[in-house]
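Chain by chain, the residues:
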Amino acid sequence: MGEVGELGGLRLGDLPGLANTVADLVGGAITIEDPQSRVLAYSRLEHEPDPMRRLTILGQEVPRWRVHELRESGFFRTLWNTDDVVRLPADGRYAERLVIAVRDGSEVLGSLWAAADGRPLAEGAAEALRTAARAAVPHLSHHRTWGRAAARAREEAVHALLEHRTYAEDSAYAARAAREAGLVPGRPYAVMVAEVHPSAVMGANPFTVVSAEVYGGRAARAVPGSSSLPASSSVPGLSSAHGPPSVPAPSPVSPVSPVPVSGSASEQRVLDVLALQATAYRPGCVTARTGRRLHVLVPAAGGETDPARGLLPAARSVSRGVVFTGVGPVAADLSGLPASREAAELVVRVLRERAAREPATGDRPGTGPWAVSAAAAYDEVVPEAALLRVLDRVGPLWETLSGPVHAMTEHDRAHGSAYGATVAAYLDAFGDTGVAARRLNVHANTLRYRLRRARQLFGLDLDDPTVRLLADIGLRLARRTR
C-alpha cells in the first residue's frame, strides 16, 4: 500500500517525478520509454551511469544499433507479448535491467526500465516494477492523449498518400500530406501490408506462447498449446522476473492456463506489436492501420529492391493470431505509393486464398485453413496475383452467364454437396485421379463416381478443353475469399 500511495501522489503526467519515485522503490535507475524506444523521462543520476544508460539519455532514445540487437534477439517480441517483468542480465558490458511494458488494455503505452545503479537492485524490485507499471498507466495515457490528434493527422496523411486520387486531384495536398506523415519527397519507399486474424476464428489452435528459446536464438516461435510467456519460464539471456537468473542453455516452457485469442482487442494487440517492430526496424518507417490491416511505409536505401525483407520474419512469427503479410515493389517516389500498396494487398489476398485451400491433416496438428501466418513479396507471387486481377474483371461478367458450372456450384450451395470441390481437385491434379483423391482424403473410386455424376447431373464434359477452362474459372470464383 505504501508503494501505491507514493506513486498515487504524483501530479498527472509528471513523468520525471514518476521515474524518481520508481527509482526509489526498485533501488536502481529508471528510464521511461515510449513504444519506439524514445526516452520520455529518466530518474536523477545518483551514480555514474553505465555506458548504455549514458548513450540513451544523451541521445534521448535507445541507440539504433542496440534496438536492432534487442529486436533480432527476440527481446522486444517477448516484452510486448507479456504483462510481466522481463530480466536482461548483466552481460559484462551493461548492468542488469528489469523491464516491463505499460499497457492500457490492449494498447502498449511504453515501458519502464530499471537498471542497477552502482548497487544491486532491491530484493522486491520486480514486484515494485509491476506496481509501478499499473500506476504509470494514467501518466502515460495523459502524455499520449495530447499527441493523439497529431498521430491521427499523421495516419490520415499516410492513408491519403496511399490513394491514387490524392496525386490526381491535388498535388499541393500530397506534398502537405507527405510533410505531415514525416516522409521524405523523392525518397523511394516500399509498402508492406499486414492483415491479422485471430487464430481461434481460423480453425487453428487458439493458444500460443512465445518460445522459451527466444533470447539467444534468432527469432521467436509460436508454440501451440500455451499462452503468453509463462511466469516460470527461463530464456537464455532473458527471463521472467519470477524465475531464477537465466542461464546460457535453453529452458523448457512451463505450461500455463491458456487464454483464447479472439475478438478485435486481440487483433489490435497484434497490430500494436507489428507496428512497434516496424518502427524499430529502420529509421523513417511510417505506419497506419485500417481495421485489421497495418500499412507500413519502409524507406529504401539507394538501389535497394527489398527494404522490408527483414520485417517478414517478425510478421511470420507473431505469437497471437494469424498474420498474412505482403510487400509491394519499391516506389521510386511518393506518387508510386498507391501502386505499391495495391500490389501488397494483392499479395495478402494470394496468401489468404492459399491458406483457405490448405487441407487439415490428422498427422500435422495445427494445419488446416488459415492456421499459419505467411508472408511474401510481390515478385514471389506474380502469377497468382495476375490471376486474381483477371478474376476480379471476369467475376461480374460470370455472374450474368449460365451453364453446367453454374448449375453445379448452385447445387453445391443448395444441397451441401461436394461436386465443385471434386472437380477442382481433379483439375488441380491435371486429371490424375489418384492425386486428386488423396487431396480430398477419399478413395479414388469415390472421386471417379462423383465426376461421372457431375457429368450426368449437370452435363459437365471434362474431356472438352473449353469446359475445363470454364470450370476452372467458375470454381475459382466460387471458392475465392474476399
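Criteria and thresholds
- Residues numbered from 1 in each chain as written.
- Predicted model: local features only at pLDDT ≥ 70, side-chain atom pairs only at ≥ 80, totals over all residues.
- Heavy atoms only, no water.
- Helix = DSSP H or I, 4+ residues; strand = E, 2+ residues; numbered from the N terminus.
- Buried < 20%, exposed > 50% of the residue type's maximum accessible area, 1.4 Å probe, protein only.
- Contact = heavy atoms within 4.5 Å.
- Areas by Shrake-Rupley, 256 points an atom, 1.4 Å probe, with all protein chains shown as cover.
- 1 Å grid on protein atoms, 1.4 Å probe; cavity = no way out; pocket = protein on both sides within 12 Å on 5 of 7 lines; lining within 4 Å.
- Points joined across faces, edges and corners; volume = space filled by probe spheres on them.
- Arc of directions from axis to C-beta.
- Polar contact = N/O pair within 3.5 Å; in protein donor to acceptor, adjacent residues only side chain to side chain.
- Phe/Tyr/Trp six-rings, centres within 6.5 Å; stacked < 30°, edge-to-face > 60°.

## Thoughts on the overall build of the protein
And step 1. Scanning the protein from terminus to terminus reveals 18 helices and 12 strands.
And step 2. Expressed as a percentage of the 482 residues in the protein, the buried residues total 50%.
And step 3. By sequence separation, contacts in the protein at least 24 residues apart represent 62% of the contacts at least 6 residues apart.
And step 4. For the protein, the exposed area adds up to about 22000 Å²; of that, 55% sits on carbon and sulfur atoms.

## Details of the layout of surface pockets
And step 1. The computed volume of the largest pocket comes to approximately 1200 Å³.
And step 2. As for the largest pocket, its lining consists of 36 residues, of which Q36, R38, R144, A151 and R154 are closest to the centre.
And step 3. At the level of elements, β5 (107-116), α6 (125-161), α10 (263-281) and β9 (286-290) are the ones that each hand at least two residues to the lining of the largest pocket.
And step 4. Among the elements that make up the lining of the largest pocket, the one with the highest residue count is α6 (11 residues).

## Quick word on the side chain of S43
And step 1. As for its placement among the helices and strands, S43 is situated in the loop between β2 (39-42) and α3 (51-59).
And step 2. Once you skip the residues sitting within four places of it in the chain, S43 turns out to touch A19, N20, A23, A29, I30 and R53.

## Observations regarding helix α16 (residues 433-440)
And step 1. Among the residues of α16, those classed as buried are T433, A436 and A437. Seen end-on, α16 carries its buried residues on one side only, within an arc spanning 100 degrees.
And step 2. Elements in contact with the buried residues of α16: α15 (419-428) and α17 (444-458).
And step 3. Of the residues that open α16, the one with a side-chain oxygen 3.0 Å from the backbone nitrogen of G434 is D432.
And step 4. One or two residues past the end of α16 sits N441, with phi positive at roughly 60 degrees.

## Structural notes on the packing of aromatic side chains
And step 1. All chains considered together, the criterion is met by four aromatic pairs.
And step 2. Measuring from ring centre to ring centre gives 5.5 Å for F75 and F76, while their planes differ by 65 degrees; the resulting arrangement is edge-to-face. No difference in accessibility class separates F75 from F76, as the two residues are buried.
And step 3. Taking 6.1 Å as the distance between ring centres and 10 degrees as the angle between the ring planes, the aromatic pair formed by F76 and W80 counts as stacked. With F76 and W80 both in helix α5 (residues 75-80), this residue pair falls four residues apart, about one helical turn.
And step 4. For F76, a relative accessible area of 6% gives the class buried.
And step 5. For W80, a relative accessible area of 3% translates into the label buried.
And step 6. Members of the aromatic cluster, joined through ring pairs, are F75, F76, W80 and W113.

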